[in-house]
Amino acid sequence: MIRYGQQHITQADIDAVTAVLNSTNLTQGSAGIAFEQAVLAETGARHAFAVNSATSALHIACLALELGPGDWLWTTPNTFVASANCALYCGASVDFVDIDPKTYNLCPVELEKKLIKAERAGRLPKIVIPVHFSGQPCDMAAIAALAEKYGFKVIEDASHAIGGRYKGEPIGNGRYSDITVFSFHPVKIVTTGEGGMALTNDDTLATRMSLYRSHGITRDPQLMTHEMDGPWYYQQVALGYNYRMTDIQAALGASQMTRLHGYVERRHEIARRYDALLADLPLTTPWQSPDSYSAFHLYVIRLNLEQIAPITHKEVFEELRARNIMVNLHYIPVHTQPYYQKMGFDWGDHPESEQYYREAISIPMHPSLTSDEQDFVVASLRAALQQ
Ligand SMILES: *Cc1c(COP(=O)(O)O)cnc(C)c1O
C-alpha cells in the first residue's frame, strides 16, 4: 500500500523517546522546552507553546485574542474543519472566504470584497485564519495590509507548512500575523504522534496562551492577585484547559526537527519529479507562487474533467485506490459539511472551493516515498485517465 502521507521514524527518534521513558518526567520536563526551543530556533519567533494538537493550539490562540460571543471569525472553506471549529468553541460565529484558483489558498481579493460589505453591515471579523494549504504560504503581505486597514487579528494555520518560507523568511516568524499554529499529526511534515504548537511575538498573547494551555493556573507571582501564601502556592486566574503535550511526544518532535530541512528538500524533489512525469496528462500540477517556498505537505493534482470525459473524477480516484494507492481529497469545502449547512451555509456559496473539490486528488507525497513507488503512482494515474 502506498499512502498519501505518512510519518518517517528513525532509531534516533526511538532513542529520544526511550530516554524520556527512562527519566523522571513524562510531562512538563525538559523535553517540552527543548522542542519549543527547536521550533523557535527554526522560525525566529519569540514564544512557543507545545500543546496536544493543532486544534488545541487554534483554540488557545482564539481565546488569547479574546474571541467570544458576538464576534466573527473568517477562514477558508478549503481546510480541515478544525480551522473553523475553533471559533465555535469560543461561542463566536464563522464565515468563509473563497479560494484563489491557482494556489487554493484564501484569496485576498475575495477577502477585501467581503470586508467592504461587512464594514457596511457592521459585521467585520475579529480574526481571520488563512491556511497555508499544502504547505504553500498564503499572500500574507496582502492579508496583513487588510488586517491593518480593517482592524482584525490574524492566526496563520500553518499545520501544513513548518519548514516552508514566505518571501525568503520562515513561516512562523510572525511578521504578518499575531499567532501561528503548527500541527504534528503523523501525516504532517514532522510528528509527535498527536501534537501542535502556537507561536507568537507578543508577550501578552504569550502569557494568555500559557494560562489557557494549563487550566488557567499560574505559578508566576507577577500574575497573582496577592502575595504567594507559600512555596506550594499557585493561582487559577482564568478558565483554561489541559492541552499540555507530554515529554514523550516532545522528545519525538525535537528529534524530528533535526531532519526538518532534509524532509522539505526531499518533498521538493518528489514534487519536481511529479511535475515532469505528469506534464503531458490532462491535469493541473501544483502552481507555486514566486514568493513561496512550500513545505509540500500535499501534492494535489486537478483533473481536467472535460478532457477526460466520460471518465469521472470519482472513477480515477477509485481506480487508484483499487491499485492500493491511498490517494485522498483535501478538502471537502467546510461550509458544505452538514454541521455547517445547519447554520445556513450551502453549496454555491464558494464556487472556486467547490469546483476545486470536484477535480482535486492528493497523490502520495512523503519523504520515504521511493522513485519506484512514484513511478507506479504515475503509471496508474496514466492508466486510470485512459480507460
Ligand atoms: C491537521 C490540521 C489541523 C488539525 O491538526 P491536529 O493536530 O490534528 O489537531 C488543523 N488545520 C489544518 C489545516 C490541518 O491540516
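Residues numbered from 1 in each chain as written. Predicted model: local features only at pLDDT ≥ 70, side-chain atom pairs only at ≥ 80, totals over all residues. Heavy atoms only, no water.

## Topic: the UniProt feature "active site" (unreviewed entry) in the chain
Cross-referencing UniProt, the feature "active site" (unreviewed entry) maps to Lys188 in the present numbering. The residue Lys188 is located in the loop between β9 (179-183) and β10 (196-200) in this model. Its relative accessible area of 15% is what places Lys188 among the buried residues. Those residues within four positions of Lys188 in sequence are excluded, and the remaining contacts are Ser159, His160, Ser183, Arg267 and His297. Side chain to side chain, Lys188 and Ser183 meet in a polar contact 3.4 Å long. (UniProt positions renumbered as here; feature names shortened; annotations may be inferred. Helix = DSSP H or I, 4+ residues; strand = E, 2+ residues; numbered from the N terminus. Buried < 20%, exposed > 50% of the residue type's maximum accessible area, 1.4 Å probe, protein only. Contact = heavy atoms within 4.5 Å. Polar contact = N/O pair within 3.5 Å; in protein donor to acceptor, adjacent residues only side chain to side chain.)

## Observations concerning the site of the ligand
In the vicinity of the ligand, 15 residues are found, and the nearest of them are Thr55, Asp157, His160, Ser183 and Lys188. Ala54 places a main-chain nitrogen or oxygen 2.9 Å from an oxygen atom of the ligand. Measuring from a nitrogen atom of the ligand, one finds a side-chain N or O atom of Asp157 at 2.8 Å. Calculation on the ligand without its partners gives an accessible area of 380 Å², and the protein chains cover 93% of this total. (Near = heavy atom within 4 Å. Areas by Shrake-Rupley, 256 points an atom, 1.4 Å probe, with all protein chains shown as cover.)

## As for the packing of aromatic side chains
Evaluation of the coordinates by the stated rule reveals 14 aromatic pairs. Seen in terms of ring centroids, Tyr340 and Phe345 are 6.3 Å apart; in terms of plane orientation they differ by 50°. Their pairing is tilted. Look at Tyr340 and you get buried, because its relative accessible area is 2%. Since its relative accessible area comes to 12%, Phe345 is described here as buried. By way of ring pairs, the aromatic residues Phe96, Tyr339, Tyr340 and Phe345 are connected into one cluster. Seen from the ring of Trp287, Lys102 lies directly overhead, with NZ or CZ sitting 4.1 Å from the centre. The aromatic ring of Trp74 is capped on one face by Lys114, whose charged end is 5.4 Å from the ring centroid. (Phe/Tyr/Trp six-rings, centres within 6.5 Å; stacked < 30°, edge-to-face > 60°. Lys NZ or Arg CZ within 6 Å of the ring centre and 35° of its normal.)

## Quick look at unusual backbone geometry
A cis amide bond links Ala309 to the next residue, Pro310, at an omega of 10°. Note that the residue after His330, namely Tyr331, is joined by a cis bond; omega there is 5°. Secondary-structure assignment places Tyr331 in the loop between β16 (325-326) and α12 (338-341). Of note in this structure, Tyr104 is not a glycine but carries a positive phi near 65°. Turning to its location among the elements, Tyr104 is positioned in the loop between β4 (93-96) and α5 (108-121).

## Things to note about the sheet that holds β4
Here seven strands make up an open sheet; going across it, the order is β2-β10-β9-β6-β5-β3-β4 and the pairing mixed. Each edge of the sheet is formed by a strand with only one pairing partner; in this case those strands are β2 (47-51) and β4. Pairwise comparison of adjacent strand axes, ignoring direction, gives a mean angle of 20° for this sheet. Relative to β10, β9 runs antiparallel, the two being bridged by five bridges. Of the residues in β10, the one forming a bridge with Ile179 is Thr200. Lying on the sheet, α5 is in contact with β3 (72-75), β4 and β5 (127-129); it crosses β3 at an angle near 160°. (Pairing = 2+ DSSP bridges. Axes fitted to C-alpha atoms, helices over the stretch in contact; angles between N-to-C directions.)

## Observations concerning the side chain of Ser380
The topology assignment puts Ser380 in helix α14 (residues 371-385). Note on Ser380: relative accessible area 0%, which makes it buried. Excluding residues within four positions of it along the chain, Ser380 makes contact with Leu320, Arg323 and Ile325.

## Details of the domain arrangement of the chain
Domain assignment breaks the chain into domain 1 (2-257) and domain 2 (260-385). Spacing between the C-alpha centres of domain 1 and domain 2 amounts to 26 Å. Between domain 1 and domain 2, the contact holds 45 residues from the first and 50 residues from the second. Buried area between domain 1 and domain 2, summed over both chains or domains, comes out near 4100 Å², and the portion from carbon and sulfur atoms is 60%. One salt bridge in this structure joins Lys167 and Asp291, with 3.4 Å as the shortest N-O distance. Taken together, the connections running from domain 1 to domain 2 amount to 28 residue pairs in polar contact (both at pLDDT 80 or more). At the level of elements, β1 (2-3), α4 (82-89), β4, β7 (165-166) and α8 (247-257) are the ones that each hand at least two residues to the side of domain 1 that touches domain 2. (Domains from an automatic or database assignment. Buried area = accessible area lost by both parts, 1.4 Å probe. Salt bridge = Lys/Arg side-chain N within 4 Å of Asp/Glu carboxyl O.)

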